[in-house]
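Listed below, chain by chain, are the residues.
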Amino acid sequence: MTQSIEELKQQTESLLQEAISQIAAAEDSQMLNTIRVNFTGKKSELNNISKMMGKLDKDQKPELGKAISGFHANFNQHLDDKISQLKAEELNKKLAGEVLDVTLPGKTPKVGTKHILTQTREEIETFFLGLGYQVVDGPEVEVDLYNFEKMNLPKNHPARDMQDTFYIDQELLLRTHTSPVQARTMEKHDFSKGPLKMISPGKVFRRDDDDATHSHQFQQVEGLVVDKSIKLSDLKGTLLAFSKAMFGEETEIRLRPSYFPFTEPSVEVDVTCFKCHGEGCPMCKHTGWIEILGAGMVHPDVLEMSGIDPTEYSGFAFGLGIERVAMLRYNIDDIRHFYQNDLRFLSQFKGGQN
Ligand code: PHE
């Protein structure tokens, strides 16, 4: 059956109208794709119409050609418009679903804090760095030679009893104090480059029954200054400045005679009670004073054992407990709080040094 050019043009036009209304009704790009295939693909009616071209008169061919390309132009235009419309709708939908309230408070990340013992240690370090001291490190697993013998505690010395410790073998032990770092530093020091001024913070260990004020492991800071004509008054001045920095400007100190095998004379240093300022209260056991550290002039034998001539050089040394300083400053009643990792305790010490 042959169709007239008019019929073919008519058919093309109604195909276009049908396509336009289907495009308008499409809901997504998949539907549009199906419409494209149905109306312009090999099996489409439009394709059948094109095939009629051969059967037309010569002067009618361009007429049909024009109608078909008109279809394509129109069809593509509507398709493109619909695609942009669908895209815009999708975007709007997405945006509507993702309403961003910029006035909502942000989620604050949980920032941890340095352990209060670390903060205290760093504060002590900062103070002594300011006085030109160097901060040195020493081994926690120490040899008997440095922990005891070079500190004037020969084998069988009775003072060893107070510092019983954990032994790895006959010679190797967990250090009982930071004092062995004195010997290690003195041996290496080159006095042609200036006096020796050092502190050495670190862990120490003792065979002890743990109670509110004792732990088998705690931290000390050793201090040592060696030069020509170092005097007890240098020690006192240094410790007074330190105590004021740690416990407040109004703090005073006193030295009481004591005994350590590695210092001569040896002293125990007290600070005025920062709670009652010397009046007497439970904190200072009604004495007005609180003991904070042990110190003394480096024993000549200790200097000599580390290769320093005691007739030419002298020095002072001190050792303080970091836990003790922190307990006094923050009124902490049990040393075990430091080691139990209870956040209710630890998080109270935010906002110390950074
Ligand atoms: N090492 C001593 C102790 O642990 C403290 C101390 C250090 C005393 C330096 C005097 C000089 O008890």
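In this text, all values refer to a predicted model and were calculated from it rather than measured experimentally. (Residues numbered from 1 in each chain as written. Predicted model: local features only at pLDDT ≥ 70, side-chain atom pairs only at ≥ 80, totals over all residues. Heavy atoms only, no water.)

Caption draft 1: Representation of a negative patch on the surface. A cluster of acidic residues, Glu-27, Asp-28, Glu-89 and Glu-90, forms a negative patch at the surface. Structurally, Glu-90 is set in helix H4 (residues 61-97). (Patch = residues over 30% accessible without salt bridge, like charges linked within 9 Å, V, L, I, M, F, W, Y side chains within 5 Å. Areas by Shrake-Rupley, 256 points an atom, 1.4 Å probe, with all protein chains shown as cover. Salt bridge = Lys/Arg side-chain N within 4 Å of Asp/Glu carboxyl O. Lys, Arg positive; Asp, Glu negative; His and termini not counted. Charge placed at Lys NZ, Arg CZ, Asp CG, Glu CD. Helix = DSSP H or I, 4+ residues; strand = E, 2+ residues; numbered from the N terminus.)

Caption draft 2: Spatial organisation of the site of the ligand. Neighbouring the ligand are 14 residues; His-177, Ser-179, Arg-206, Gln-220 and Gly-319 lie closest to it. The side chain of Arg-206 places a nitrogen or oxygen atom 2.8 Å from an oxygen atom of the ligand. Here Gln-220 contributes a side-chain N or O atom positioned 2.9 Å from an oxygen atom of the ligand. Breaking the shell around the ligand down by element, the ones donating at least two residues are strand E5 (217-227), strand E8 (289-298) and strand E9 (314-321). (Near = heavy atom within 4 Å. Polar contact = N/O pair within 3.5 Å; in protein donor to acceptor, adjacent residues only side chain to side chain.)

Caption draft 3: Looking closely at the pattern of salt bridges. Scanning the model with the defined rule gives 18 salt bridges in all. Residue Asp-144 is joined to Arg-160 by a salt bridge in which the shortest nitrogen-to-oxygen separation is 2.9 Å. Here the residue Asp-144 occupies a position in helix H6 (residues 144-147), and Arg-160 occupies one in the loop between H6 and strand E3 (172-174), the gap between them amounting to 16 residues. With a relative accessible area of 2%, Asp-144 lands in the buried category. A residue is classified by how much of its surface remains accessible, and Arg-160, at 13% relative accessible area, is buried. (Buried < 20%, exposed > 50% of the residue type's maximum accessible area, 1.4 Å probe, protein only.)

Caption draft 4: Representation of the packing of helix H1 (residues 5-25) against H4. Look at H1 against H4: their axes get within 10 Å of each other, and the N-to-C directions meet at 5°. Relative to H4, the element H1 lies roughly parallel. Between H1, through Ile-5, Glu-6, Leu-8, Lys-9, Thr-12, Leu-15, Leu-16, Ala-19, Ile-20, Ile-23 and Ala-24, and H4, the contact on the second element is made entirely by Glu-63, Leu-64, Ala-67, Phe-71, Asn-74, Phe-75, His-78, Leu-79 and Lys-82. Across the contact of H1 with H4, the residue classes tally to 13 nonpolar, three polar and four charged. (Axes fitted to C-alpha atoms, helices over the stretch in contact; angles between N-to-C directions. Parallel < 35°, antiparallel > 145°, perpendicular 65-115°, else oblique. Contact = heavy atoms within 4.5 Å. Nonpolar A, V, L, I, M, F, W, Y, C, P; charged D, E, K, R; others polar.)

Caption draft 5: Examining the pairing of E8 more closely. Along E8, eight of the 10 residues are buried, which leaves the element largely enclosed by surrounding structure. Examined bridge by bridge, strand E7 (residues 263-272) and E8 share eight bridges and lie antiparallel to one another. Within the sheet, the bridge partner assigned to Val-267 lies in E8 and is Ala-295. As paired strands, E8 and E9 are joined by five bridges and run antiparallel to one another. Paired with Gly-296 across the two strands is Ala-317, which belongs to E9. (Pairing = 2+ DSSP bridges.)

Caption draft 6: A look at the packing of aromatic side chains. Tallied over the entire structure, the rule returns 14 aromatic pairs. Note on Phe-127 and Phe-128: the rings are 5.0 Å apart at their centroids and 85° apart in plane angle, and the pair reads as edge-to-face. Residues Phe-127 and Phe-128 agree in their burial class; the two are buried. Aromatic ring contacts, followed pair by pair, group Phe-127, Phe-128, Tyr-133, Phe-242 and Phe-318 into a single cluster. Taking the ring centre of Tyr-146 as reference, the NZ or CZ of Arg-184 above it sits at 4.1 Å. (Phe/Tyr/Trp six-rings, centres within 6.5 Å; stacked < 30°, edge-to-face > 60°. Lys NZ or Arg CZ within 6 Å of the ring centre and 35° of its normal.)

Caption draft 7: A look at the side chain of Thr-185. Looking at the element boundaries, Thr-185 is found in helix H7 (residues 180-188). Reaching out from Thr-185, the side chain makes a polar contact with the backbone oxygen of Val-181 at a distance of 2.4 Å.

Caption draft 8: Seen up close, the pairing of E7. Burial runs high along E7: eight of the 10 residues are buried. Here strand E6 (residues 253-260) runs beside E7; their pairing, made up of seven bridges, is antiparallel. Looking at E7, one finds that Ser-258 is bridged to Ser-266. Here E6 folds back onto E7, and the loop between the two strands holds two residues.

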